[in-house]
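Coordinate inspection notes
What follows is each chain in one-letter form.
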Amino acid sequence: MANSTHGLVKALFQMVWADDIVSPEEVEALTSILRQLGFSLSEVICLLDKNLSEPPDDRSPVQIEEIFPSREDQKMALQALMTICFSTGSIDPEQVGYIEGLVMRMGLSAHELEELRKQATEATC
Amino acid sequence: MLSRFLKKKPQLIDRDGDRYDVSLRVLSRELPGYRGVTLDLSRSGVQLETNGLLEIGSEPELKFEFDRGELEAFTCKARVVWSKQEGNNERKFRSGLTFIPVTDDEKRQLARMSTVLQTRSETDLKTLLDQARRIDPELERSYRNIQTNQPFYPAPGDSPIHPPSVEGAPPPPPAVSAAPETPAVQQDGPPPHLGVYIPLNVILEGYTWSRASCTLHIGLREGDQVHNLFFPDCQLFQVLEPTVDKTIAGLYTTKTSPTTRKLNLAGDREHKHYRFVAEGGDGLIDIVSSPCRSTPQG
């Protein structure tokens, strides 16, 4: 697994665990994102089995902006995280904090953020 | 009066030589749907299953496609001797045909086919298994429950495994929760580790067991693709319900369950209880093993 993909996967699981409750909607959204990232069904099963049985030891936010040099890749990663965030229909403060920090570090404009939010919301519908 | 008893059952098809139950695809422009499947095959004729009635006396040209490299596909004319509907099924028809080879090459092909089929029928399962082991000594196919070093079958009083329910969510299918909620598995003893429910929509393709590495391999079919899961250091494998053609709706995994506790697994290796479930949450397959992997080696 490439370092960038590994980092994104770690961030996705951190997002799922941000509020310490893993909902079925989050698992479904996560499964769909992992498949889109190119993981096979078996790999997804193993990843979910390994990373959802207990909260991650390391909760320090993954520096998405560092592992993805390209702006487009950063935005794609952020959109994936927002898809998890919006999957339950309600946004948890811890999840918002995670997203906000990332948006600040990436220096996204309000317009760009709104575009990503729309795409992420559509992905969860 | 005795003639009634002496009367032979009418022979539906006059074929010499042994018949071999073999399922091969047959293509022909003259067959309904342009195809059929052999039910049995001999040097002199074939019983075909098609999705339409064949005209008795017609002589379709049949192209046989073989599933192994010993024989090449070949074409031969055959005459329809009988044809009938199979029971009440309007899509299945059986017909008996006799080959009418014309060229020497066609006769040679039929003779060769007969020899290959005879050889195949004489190769018993044990020989095939021995051959398979020589190719891959690690692999032994099994279609029975695995005998483990510590055989364990849940006692009748054992609670079925269900993950804790999520507040506000309907009970089945099981959901995942990391919150410390009321344990649903067992009231006494240490609180169970909470589990993970992974929704799936797959069909069990098959499983194999490697005795040498104690690894169970499960093939899951998703559309045209088969995905492999490996359960190393497998201590329990139990088929709870017939799984053939049944859709597996999800996989529930937990670190601790009554089953893992009763197995009393010692050692450094972590073990988990996996349960493949059908729609509605009914258990299909139970596995206790080290964490599953997507490749044979970790």
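Report follows, based on the coordinates. Since this is a predicted model, take the numbers as computed values, not measurements. (Residues numbered from 1 in each chain as written. Chains lettered and ligands numbered in written order. Predicted model: local features only at pLDDT ≥ 70, side-chain atom pairs only at ≥ 80, totals over all residues. Heavy atoms only, no water.)

The next subject is the environment of A:V103. Residues and elements named next belong to chain A. Mapped onto the fold, V103 is located in helix α6 (residues 93-106). Taking C-alpha positions, V103 is 7.8 Å from L113, a pair spaced ten residues apart along the chain. The contact partners of V103, leaving out residues within four places of it in the chain, are L78, L108 and L113. (Helix = DSSP H or I, 4+ residues; strand = E, 2+ residues; numbered from the N terminus. Contact = heavy atoms within 4.5 Å.)

A few words on the pairing of strand β3 (residues 45-50) of chain B. All names here are of chain B. With five of six residues buried, β3 is to be regarded as a mostly interior element. Strand direction decides the pairing type here: strand β2 (residues 35-41) and β3, joined by four bridges, are antiparallel. The residue of β3 that forms the bridge with D40 is Q47. The turn joining β2 and β3, which pair antiparallel and follow one another in sequence, is formed by three residues. (Buried < 20%, exposed > 50% of the residue type's maximum accessible area, 1.4 Å probe, protein only. Pairing = 2+ DSSP bridges.)

The subject of this paragraph is the packing of aromatic side chains. All names here are of chain B. What the rule picks out here adds up to four aromatic pairs over all chains. Measuring from ring centre to ring centre gives 5.0 Å for F231 and Y274, while their planes differ by 70°; the resulting arrangement is edge-to-face. Note that F231 is positioned in strand β10 (residues 225-231) and Y274 in strand β13 (residues 272-277), a separation of 43 residues in sequence. The same class applies to F231 and to Y274, which are both buried. (Phe/Tyr/Trp six-rings, centres within 6.5 Å; stacked < 30°, edge-to-face > 60°.)

What follows concerns the layout of surface pockets. All names here are of chain A. Here the largest pocket defines a volume of roughly 750 Å³. Surrounding the largest pocket, 29 residues form its lining, C46, L47, D49, K50 and N51 being those nearest its centre. The leading source of residues in the lining of the largest pocket is helix α3 (residues 41-52), at six residues. When the residues that make up the lining of the largest pocket are grouped by side-chain class, the tally is ten nonpolar, eight polar and eleven charged. (1 Å grid on protein atoms, 1.4 Å probe; cavity = no way out; pocket = protein on both sides within 12 Å on 5 of 7 lines; lining within 4 Å. Points joined across faces, edges and corners; volume = space filled by probe spheres on them. Nonpolar A, V, L, I, M, F, W, Y, C, P; charged D, E, K, R; others polar.)

Applying the stated criterion across every chain yields a total of 14 salt bridges over all chains. Put simply, A:E54 and B:K255 hold a salt bridge, and the shortest N to O gap is 2.9 Å. Residue A:E54 is located in the loop between α3 and α4 (64-67), and its partner B:K255 is located in the loop between β12 (247-254) and α4 (258-263); the two belong to separate chains. By relative accessible area, B:K255 is classed as buried at 18%. (Salt bridge = Lys/Arg side-chain N within 4 Å of Asp/Glu carboxyl O.)

On the chain A side, the residues contacting the 26 residues of chain B number 20 residues. Interface area for chain B against chain A, summed over the two sides, is near 1700 Å², with a carbon-plus-sulfur share of 66%. Inspection of the chain B/chain A interface yields three salt bridges. Of the charged contacts, one joins A:R35 and B:E222 as a salt bridge, the two residues approaching to 3.1 Å between their closest N and O atoms. On inspection of chain B and its partner chain A, the count reaches seven residue pairs in polar contact (both at pLDDT 80 or more). Of all the secondary-structure elements, those providing two or more residues to the side of chain B that touches chain A are β8 (196-210), β9 (215-222), β10, β12 and β13 of chain B. The leading source of residues in the side of chain B that touches chain A is β8(B), at six residues. Looking at the side of chain B that touches chain A residue by residue, the classes come out as 17 nonpolar, five polar and four charged. (Buried area = accessible area lost by both parts, 1.4 Å probe. Polar contact = N/O pair within 3.5 Å; in protein donor to acceptor, adjacent residues only side chain to side chain.)

Quick look at the packing of helix α1 (residues 3-17) of chain A against helix α2 (residues 24-36) of chain A now. Residue and element names in this part refer to chain A. Following both chains from N to C, one finds α1 and α2 inclined at 170°, their axes separated by 11 Å at the closest point. Classed by the angle they form, the pair α1 and α2 counts as roughly antiparallel. Of the residues in α2, those touching α1 at V9, L12, F13, M15 and V16 are E26, L30, I33 and L34. Tallied by class, the residues present in the contact of α1 with α2 amount to eight nonpolar, no polar and one charged. (Axes fitted to C-alpha atoms, helices over the stretch in contact; angles between N-to-C directions. Parallel < 35°, antiparallel > 145°, perpendicular 65-115°, else oblique.)

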